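A closer look at the structure
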Amino acid sequence: MATTESDPTVKISIKDVFKIFGEQPERALELLKAGRTKPEIHAATGCTIAVNDASFDISAGEIFVIMGLSGSGKSTMLRLINRLIEPTSGAIEIAGRDVAQMSRSELVALRRNDVSMVFQSFALLPNRSVIDNAAFGLEIAGMEEAERKRRARTVLQAVGLEGYDDSRPDQLSGGMKQRVGLARALAGEPTVLLMDEAFSALDPLIRTEMQDELVRLQSEHSRTIVFVSHDIDEAMRIGDRICIMQNGEVVQVGTPDEIVLKPANDYVRSFFRNVDVSQVFRAGDIARKTQVTIIDRQGVSAAAALERMEHYDRDIAIILGRDKTYHGMVSRNSLIETTRDGASDPYRRAFLKDIEPIPAAESLSNVLGKVAASAFPVPVIDEANRYLGSISKSTLLETLDRTA
């Protein structure tokens, strides 16, 4: 099968995809493109529009969460990716190869070598040991016993089940069973992992544990993960980007903070109404470059700093190195006081000592107290100590208010 040229950063590309269930999908598609509504099409043909003209790209190495209410088309969309169900129209490309055009042998090879799936149901074989369950897919593929058990043992260790090789499924907790299911999917060393409500059957604490486990595994061996969920907290915890579906249509795709701050419609907004945004945003997400900055170099005096602050009507200034690294913060009062004291170098001695910059990766929940306790906006720095902006009380309140 021919491979089209594609962006190497894009692992999966969904292009104008429709999925219509029923006996007259072609007629239903014609009616849909002619502008007829889903109820009208169902009345005329008995067909159901499950996915309606979906188009989006999934980047290599990201966790991409598809979510929506029941009947939104999210699970159908996932099954279209590895062609567990056939698309009615459109292209589904994995690394530039259109899955919809693959022969049966090519599709089998794709599922064995590149794409694995984890379902909500553990689907473990009760009469087999943990290691044999983990190696089952490799056995079906015809791999020799020694090699498949070596691989299975490696992935069991990776998911925290070292030492459980000979246990039976009925000896495991729900979370451990799902780890076996995850190990089975990882044993084939796939580049794409499809997960359909994989943790929804687990108790809340175990679900959180499995979410953390997935993120940890992703940090150790980056794969492209497409994760279907109806749980907004889960999507926000693990998703690099989130795709919201409604009535078979893709309503919005974006990072968690993009969707929280700029929801496409009331349907999207309703998902995030009760989200604790302090757990979603980082300091770097809301830092603003609204403060006066002064480059720390020879010739800069307290008078020059005060003049610049006066010009921009600011009470404080951020002092930066030539490479934009953060050196400190001064205020009008601190500059004036050190000048009155007769200090030989009042400019540098005016640095405010109680202001500690906040790392950009700090969660907003940890920032709240620091900003509230500070008399001044708090500077935010990156890993290289470069200044990214400041967070004031008003900025913080505005962020919380916009997401309320």
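Residues numbered from 1 in each chain as written. Predicted model: local features only at pLDDT ≥ 70, side-chain atom pairs only at ≥ 80, totals over all residues. Heavy atoms only, no water.

As named in an unreviewed UniProt entry, the chain is Quaternary amine transport ATP-binding protein, taken from Aminobacter aganoensis. According to its UniProt record, the chain has this under Catalytic activity (unreviewed entry): "a quaternary ammonium(out) + ATP + H2O = a quaternary ammonium(in) + ADP + phosphate + H(+)". The record held by UniProt for the chain lists under Subcellular location (unreviewed entry) the comment "Cell inner membrane". (UniProt positions renumbered as here; feature names shortened; annotations may be inferred.)

The helix and strand tally for the chain stands at 18 helices and 16 strands. Whereas a compact globule of 404 residues would reach a radius of gyration of roughly 22 Å, the chain reaches 27 Å, over 25% beyond that. Counting only C-alpha atoms and orienting by the principal axes, one finds that the chain spans roughly 85 × 60 × 40 Å. Looking at the chain as a whole, 48% of its 404 residues are labelled buried. Long-range pairs, those at least 24 residues apart, make up 65% of the contacts in the chain with a sequence separation of at least 6. Where the 49 positive side-chain charges of the chain centre and where its 58 negative ones centre are 1 Å apart. (Helix = DSSP H or I, 4+ residues; strand = E, 2+ residues; numbered from the N terminus. Rg over C-alpha atoms; globule rule 2.2 N^0.38 Å. Buried < 20%, exposed > 50% of the residue type's maximum accessible area, 1.4 Å probe, protein only. Contact = heavy atoms within 4.5 Å. Lys, Arg positive; Asp, Glu negative; His and termini not counted. Charge placed at Lys NZ, Arg CZ, Asp CG, Glu CD.)

Per the domain assignment, the segments making up the chain are domain 1 (58-281) and domain 2 (284-401). Using only C-alpha atoms to locate each centre, domain 1 and domain 2 end up separated by 44 Å. (Domains from an automatic or database assignment.)

A complete count under the given rule lists 23 salt bridges for this structure. One salt bridge in this structure joins E62 and R241, with 2.7 Å as the shortest N-O distance. With a gap of 179 residues between them, E62 in the loop between β2 (48-59) and β3 (63-67) and R241 in strand β9 (residues 241-246) connect regions that are remote in the sequence. Taking relative accessible area as the criterion, R241 reaches 21% and is therefore assigned partly exposed. Taking the shortest distance from any N to any O, the salt bridge between E147 and R150 comes out at 2.7 Å. Of this pair, E147 and R150 both sit in helix α7 (residues 145-158), three residues apart, which is roughly one turn of the helix. Bridged by salt links that share partners, the residues R179, E209, E213, R216 and E220 form one connected network. (Salt bridge = Lys/Arg side-chain N within 4 Å of Asp/Glu carboxyl O.)

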